[in-house]
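Here are the chains, one letter per residue:
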Amino acid sequence: LEMGGVYARAEVRNGLARVPAARGAARMPDRSIALSDLFAAAQSLIDRHYTRRERLGIYGRGFGGLMAGAAITGRPDFFGLALPTGTWAEYRQISSGNCYPPTLIVTSEHGGTIRPWQGYELAAVLQAEQLCRHPILIRVDSDEGPGEPPAERRARAADQLAFAAPWLGASANRPS
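Here's what I pulled together on the structure shown here.

Analysis parameters
- Residues numbered from 1 in each chain as written.
- Predicted model: local features only at pLDDT ≥ 70, side-chain atom pairs only at ≥ 80, totals over all residues.
- Heavy atoms only, no water.
- Phe/Tyr/Trp six-rings, centres within 6.5 Å; stacked < 30°, edge-to-face > 60°.
- Helix = DSSP H or I, 4+ residues; strand = E, 2+ residues; numbered from the N terminus.
- Buried < 20%, exposed > 50% of the residue type's maximum accessible area, 1.4 Å probe, protein only.
- Lys NZ or Arg CZ within 6 Å of the ring centre and 35° of its normal.
- Disulfide = S-S within 2.5 Å.

This part is about the packing of aromatic side chains. Scanning all chains against the criterion turns up three aromatic pairs. Measuring from centroid to centroid gives 6.0 Å for F39 and F79, while their planes differ by 35°, and the two rings are tilted. Placement of the pair is F39 in helix α1 (residues 31–47) and F79 in the loop between α2 (63–74) and β2 (81–84), with a sequence separation of 40 residues. Pair check on accessibility: F39 and F79 agree, each one buried. Three or more aromatic residues link up through ring pairs in this structure, and these residues are F39, F78 and F79. In this structure, R75 packs its charged tip against the face of F39, placed 5.4 Å from the ring centre.

So this is what it looks like as structure tokens:
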């Protein structure tokens, strides 16, 4: 914020609503409602001139991380940067021929709700399908959750902010 950014938090609705499934099929959460809310909130920031797409970053942890991953794989042109901490099952169906935003995927070896290999796989798929020079990177933490040392949380946040700042046009030289 001190570097000229704006922070907004989207409270998406009904992201874990169960949708009816065919008899015998697994019932999965309907994430389309949550994604629609997420894109509507982001578009509102653009429409009200708080930002523009190339300076709009998306970040999420837990379910929010899943939504951030789904958002950039579904609409790679919509965000200028992504910091997802989760993956989305359909990422394996990413179509080639896209320019994905600069992305730093965060995963944890232990204690997180997302398995580390899912973060590795998402990074590999995005890297393989990336058509432009935007970086797709991954950060692997040793631990995440209530027992995580505060120093590790600060280090992760510092890495994410350092990665995001130049891509979103933030500058430490802004007058206060």
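Before going further, it helps to examine the state of the cysteines. Tallying each qualifying case throughout the model produces one disulfide. Paired by a disulfide, C99 and C132 hold their sulfur atoms 2.0 Å apart. The disulfide joining C99 to C132 has a torsion of about 80° about its S-S bond and is therefore right-handed. Taken together, the residues span a long stretch of sequence, with C99 in the loop between β2 and β3 (103–108) and C132 in the loop between α3 (116–129) and β4 (136–141) at a distance of 33 residues. The exposure class assigned to C99 is partly exposed, which follows from its relative accessible area of 34%.

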